[in-house]
Amino acid sequence: MEQTTTQNEVQFSDAAMAEIRRYISHYPADRKKSAILPILHIAQAEFGGWVSPEVQDKVAEILDIQPIEVYEVATFYTMFNLKPVGKHVLEVCRTGPCMLRGADHLIEHLESRLGCHVGENSADGLFTLKTVECLAACGMGPMLQIREKYYENLDPQKMDQLLDDLSKE
């Protein structure tokens, strides 16, 4: 999908707008806001993996709602990135079962290996390290998600191999 962006103007590609209209058509005219989640996903894919305030404002305009209504949703869900991210977003589960199985040590290892802390990007721009709530793989922790793929039963050696493989993509 192609898009154009200036400092004050956000423009979705024709393909993205067609997809947005398709989602909106699933709801009654007075309930367009119901399409906010899929539209934010489209926006994030369209504009480099994150939703800037300007992009959120454009979503509000498309849905005929107040910008704060979009901000509330975008800031509530960890799946929406509110600042620029690396090519690979590493989302490490930080809830109890994964912590009991070593997620805290895995996070420390990732911070050391990547040279950044949780919520930051690596200097090379390849990785963003995030922690998230339960990813529903409690018996296979520690684990993380990259896009739609789960990586389970991780230890520092497995993590290093994964990072090496991702660095080559």
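Residues numbered from 1 in each chain as written. Predicted model: local features only at pLDDT ≥ 70, side-chain atom pairs only at ≥ 80, totals over all residues. Heavy atoms only, no water.

The name given to the protein chain in an unreviewed UniProt entry is NAD(P)H-dependent oxidoreductase subunit E, with Adhaeribacter rhizoryzae as the source organism. Listed in UniProt under the heading Sequence similarities (unreviewed entry), the comment for the protein chain reads: "Belongs to the complex I 24 kDa subunit family." (UniProt positions renumbered as here; feature names shortened; annotations may be inferred.)

Undergrad: Explain the packing of helix H3 (residues 53–63) against helix H4 (residues 67–76) here, please?
TA: For any two helices packed against each other, one specifies the inter-axial angle together with the distance between the axes. Here H3 crosses H4 at 120 degrees, and the two axes come no closer than 8 Å. What the angle tells us is that H3 and H4 run oblique. Here H3 and H4 pass one another in a crossing that is right-handed. When H3 is examined against H4, the residues Pro53, Gln56, Asp57, Val59 and Ala60 are found in contact with a partner set consisting of Pro67, Val70, Tyr71 and Ala74. In terms of residue class, the contact of H3 with H4 is built from seven nonpolar, one polar and one charged. (Axes fitted to C-alpha atoms, helices over the stretch in contact; angles between N-to-C directions. Helix = DSSP H or I, 4+ residues; strand = E, 2+ residues; numbered from the N terminus. Parallel < 35°, antiparallel > 145°, perpendicular 65-115°, else oblique. Left-handed = near helix turned anticlockwise from the far one by under 90°. Contact = heavy atoms within 4.5 Å. Nonpolar A, V, L, I, M, F, W, Y, C, P; charged D, E, K, R; others polar.)

Undergrad: So what exactly am I meant to see when it comes to the packing of aromatic side chains here?
TA: Scanning the model with the defined rule gives three aromatic pairs in all. Consider the rings of Tyr77 and Phe80, whose centres lie 6.4 Å apart with planes at 85 degrees: the pair is edge-to-face. Exposure remark for Phe80: the relative accessible area of 3% places this residue in the buried category. An aromatic cluster is built from Phe76, Tyr77 and Phe80, whose rings are joined through pairwise contacts. The residue whose ring lies beneath Arg22 is Tyr23, and the NZ or CZ to ring-centre distance is 4.7 Å. (Phe/Tyr/Trp six-rings, centres within 6.5 Å; stacked < 30°, edge-to-face > 60°. Buried < 20%, exposed > 50% of the residue type's maximum accessible area, 1.4 Å probe, protein only. Lys NZ or Arg CZ within 6 Å of the ring centre and 35° of its normal.)

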